[in-house]
Amino acid sequence: MKVLITGGLGFIGRIVTAKLLDNGHSVRIIDNLSEQIHGVLPVFEASWQSDPRVEIVRGDVTDEQQLARAVSDIDAVAHLAAETGTGQSMYQISRYNLVNSQGTAHLLQALIGRRESPISKLVLASSRSIYGEGAYQCGHCADGRHQVPASRSAAQLSAAKWEPECDQCGTPLTSVPTAEDSVPRPASIYAATKLAQEDLVRIFSESTGVATTSLRFQNVYGEGQSLNNPYTGILSIFSTRLRRGLRLPIFEDGLESRDFIHVDDIARAIVMAIEAPTTGYKVFNVGSGVATSVLALAGLLAARFGMADTTDVTGQFRLGDIRHCTADMSRIGTELGFRPAITLQQGLDRFVEWVAAQPLPEDGLSRAESELRKHGLMGAKH
Ligand SMILES: NC(=O)c1ccc[n+]([C@@H]2O[C@H](COP(=O)([O-])OP(=O)(O)OC[C@H]3O[C@@H](n4cnc5c(N)ncnc54)[C@H](O)[C@@H]3O)[C@@H](O)[C@H]2O)c1
């Protein structure tokens, strides 16, 4: 198969490319080498850099003509190109919509031009962010009902009421794994654009019959994640601070949690989705199914740098952040046979070994946070 990967020079796209080549496919990449991600002088290292089966087009998904040329002779598409910073999306609304929503529309427009010889599979890199807070249960009402609470308000967060509250009795809720049929409730502009992408590809699939899969990734980490981008990638940001001997500021009370999945597992899921003989429109969660608090994660990372007592729990918060999330991994296990293979401990070992061999980047965290403050998107508990 010849597979087009938009954003194929990014963190996830590079590993997907390697895996597709291993499986005997050829790849065309379209990527604009965004400066925020790749730096002013883009460099990337990949085993396949001079492989004749890989064609790299420096192009932009906001350019419909470039996409029309890029899809002309391909068999499948993995759509990964996107702006990915949750906090940044809250004040760069037009840019996030242009690249993520309109970029997807341009891709589908290009694929409409292939109606006579349709592609066999479209895979979208979606995100767990579309759920917003995702699924919770109330211990007090004890009715077993799952609810998807609204985003936490500035007033609630200022009062250090970190946990989402029951819509019936106001009791703090308990997070449970979120399944694919949970009601979407995006809490950030980034999340809204990822949901828009899903709606676009779903309707495209239903109207054209092109087999399409949206994969909702949890927090992806691992070797190759941009160390330049201060707007996303908690492990990259923290590792730069640790290497610079700086402390790690932890939002809220540090007990907010995420589901971390290694990039190698994510890339494997994408390739499985491309190759699987599925029909129609499918949606799958891709995560580890394990919740890890940010404080625990910081401790695990610092220990690998031989450092102890490096965290400051600040009580600060960002509007648009969710409190907890864990994937319910049942569906992808049953229908695609996918199970994550790399534990967080193993993945962190690999990540830290890779980071230690990289040039030491600037610490951009203060810049990213001051932008959020300027836009009134960061606060602190009273
Ligand atoms: N990394 C995560 O934790 C995570 C979680 C959920 C979903 N995702 C999704 O996975 C996909 C890939 O994420 P990633 O972590 O590899 O991000 P990344 O930033 O490392 O890679 C994105 C790539 O897209 C390219 N790009 C950006 N704007 C473009 C444009 N206008 N035209 C062409 N190329 C453009 C960039 O240059 C970059 O190479 C994204 O769609 C993202 O929303 C990632």
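Structure: above.
Every value quoted in this text rests on a predicted model; they were computed, and no experiment measured them.

About the cut-offs
- Residues numbered from 1 in each chain as written.
- Predicted model: local features only at pLDDT ≥ 70, side-chain atom pairs only at ≥ 80, totals over all residues.
- Heavy atoms only, no water.
- Core = buried A, V, L, I, M, F, W, Y, C linked by side-chain atoms within 4.5 Å.
- Buried < 20%, exposed > 50% of the residue type's maximum accessible area, 1.4 Å probe, protein only.
- Helix = DSSP H or I, 4+ residues; strand = E, 2+ residues; numbered from the N terminus.
- Contact = heavy atoms within 4.5 Å.
- Axes fitted to C-alpha atoms, helices over the stretch in contact; angles between N-to-C directions.
- Parallel < 35°, antiparallel > 145°, perpendicular 65-115°, else oblique.
- Left-handed = near helix turned anticlockwise from the far one by under 90°.
- Nonpolar A, V, L, I, M, F, W, Y, C, P; charged D, E, K, R; others polar.
- Salt bridge = Lys/Arg side-chain N within 4 Å of Asp/Glu carboxyl O.
- Expected span 1.5 Å × (residues − 1).
- Arc of directions from axis to C-beta.
- Near = heavy atom within 4 Å.
- Polar contact = N/O pair within 3.5 Å; in protein donor to acceptor, adjacent residues only side chain to side chain.
- Areas by Shrake-Rupley, 256 points an atom, 1.4 Å probe, with all protein chains shown as cover.
- Pairing = 2+ DSSP bridges.

A.B. asks: Before we go on, may I ask you to explain the nonpolar core in this structure?
C.D. replies: Nonpolar side chains in soluble globular proteins tend to end up buried together. The biggest cluster of nonpolar side chains holds 39 residues, and the ones touching the most others in it are I5, I12, L215, F217, I270 and V286. At the level of elements, β1 (2-6), α1 (11-22), β2 (26-31), β4 (76-79), β5 (121-127), β8 (212-217), α9 (263-275) and β13 (281-286) are the ones that each hand at least two residues to this core. Counting residues per element, this core draws most heavily on α9, at eight residues. Beyond its immediate chain neighbours, meaning those up to four positions away, L215 contacts V123, L124, A125, S126, S127, A269, I270, A273, F284, V286 and I332. Core analysis: the second largest hydrophobic core is formed by 21 residues, L242, F260, A298 and L348 among them.

A.B. asks: Which parts of the structure should I look at to understand the packing of helix α10 (residues 294-304) against helix α12 (residues 344-356)?
C.D. replies: In helix packing, the relevant descriptors are the interaxial angle and the interaxial distance, both defined with respect to the helix axes. Closest axis-to-axis distance for the α10/α12 pair is 10 Å, and the angle between their directions is 45 degrees. Taken together, the axes of α10 and α12 are oblique relative to one another. Considering only the axes of α10 and α12, their crossing is right-handed. The residues of α12 that touch α10, namely those facing L297, L300, L301 and R304, are L344, Q345, L348, D349, F351 and V352. Here the residues of the contact of α10 with α12 are counted per class, giving seven nonpolar, one polar and two charged.

A.B. asks: Whenever I open this one, the environment of K381 confuses me. Can you help?
C.D. replies: The topology assignment puts K381 in the segment after β17 (378-380). Put simply, K381 and A160 are 221 residues apart on the chain and 5.4 Å apart in space, counted from C-alpha to C-alpha. Contacts of K381, omitting those with residues within four sequence positions, involve L157, S158, A160, W162, G315 and F317.

A.B. asks: Could you clarify how one ought to interpret the pattern of salt bridges in this entry?
C.D. replies: Side-chain pairs of opposite charge can arise where the charged atoms are in close proximity. Scanning the model with the defined rule gives 28 salt bridges in all. For R28, the salt bridge is made with E55, and the minimal N-O distance between the two is 2.9 Å. With R28 in strand β2 and E55 in strand β3 (residues 54-58), the pair connects residues that are 27 residues apart, well separated along the chain. By relative accessible area, E55 is classed as partly exposed at 35%. For R323, the salt bridge goes to E163, with nearest N and O atoms at 2.9 Å. Here R323, found in the loop between β16 (316-318) and α11 (330-335), pairs with E163, found in the loop between α6 (154-158) and β7 (174-175); they are 160 residues apart in sequence, far enough to count as distant. For R323, a relative accessible area of 1% corresponds to the buried category. What you see here is one network of salt bridges that share partners, running through E133, R152, E163, E252, D253, E256 and R323.

A.B. asks: Sorry if this is basic, but what is going on with α12 here?
C.D. replies: An α-helix turns once per 3.6 residues; consequently, residues spaced three or four apart project the same way. The end-to-end C-alpha separation of α12 is 18 Å, in line with the 18 Å expected for 13 residues at 1.5 Å each. Regarding α12, the residues found buried are L344, G347, L348, F351, V352, W354 and V355. Along α12, the residues classed as buried sweep out an arc of 160 degrees about the axis, all on the same side. Seen from the open side of α12, the exposed residues pointing more than 90 degrees away from its buried face are E353 and A356. Those residues of α12 that are buried lie in contact with β9 (219-221), α8 (234-243), β12 (260-262), β14 (292-293) and α10.

A.B. asks: Got a minute to help me understand the site of the ligand in this structure?
C.D. replies: Looking at the ligand, there are 28 residues lining it, with D31, H38, D60, L80 and Y190 nearest. A distance of 2.9 Å separates an oxygen atom of the ligand from a polar backbone atom of V220. Contact with the protein chains removes 94% of the 830 Å² of surface that the ligand exposes when unbound. Sorting the residues of the shell around the ligand by element identifies α1, α2 (35-38), β5, α7 (189-208) and β9 as the ones contributing at least two each. The dominant element in the shell around the ligand, judged by the number of residues it contributes, is β5, at three residues.

A.B. asks: Just checking my understanding: could you explain the pairing of β4 for this structure?
C.D. replies: Regular strands show a simple pattern: their side chains alternate between the two faces of the sheet. Because side chains alternate across β4, one face comprises the buried residues A76 and A78, and the other comprises V77 and H79, equally buried. Relative to β4, β1 is paired through four bridges, and the arrangement is parallel. Pairing of L4 across the sheet is with V77, part of β4. As defined by bridge partners, β4 adjoins β5 across four bridges and the pair is classed as parallel. Counted as the bridge partner of H79 is L124 from β5.

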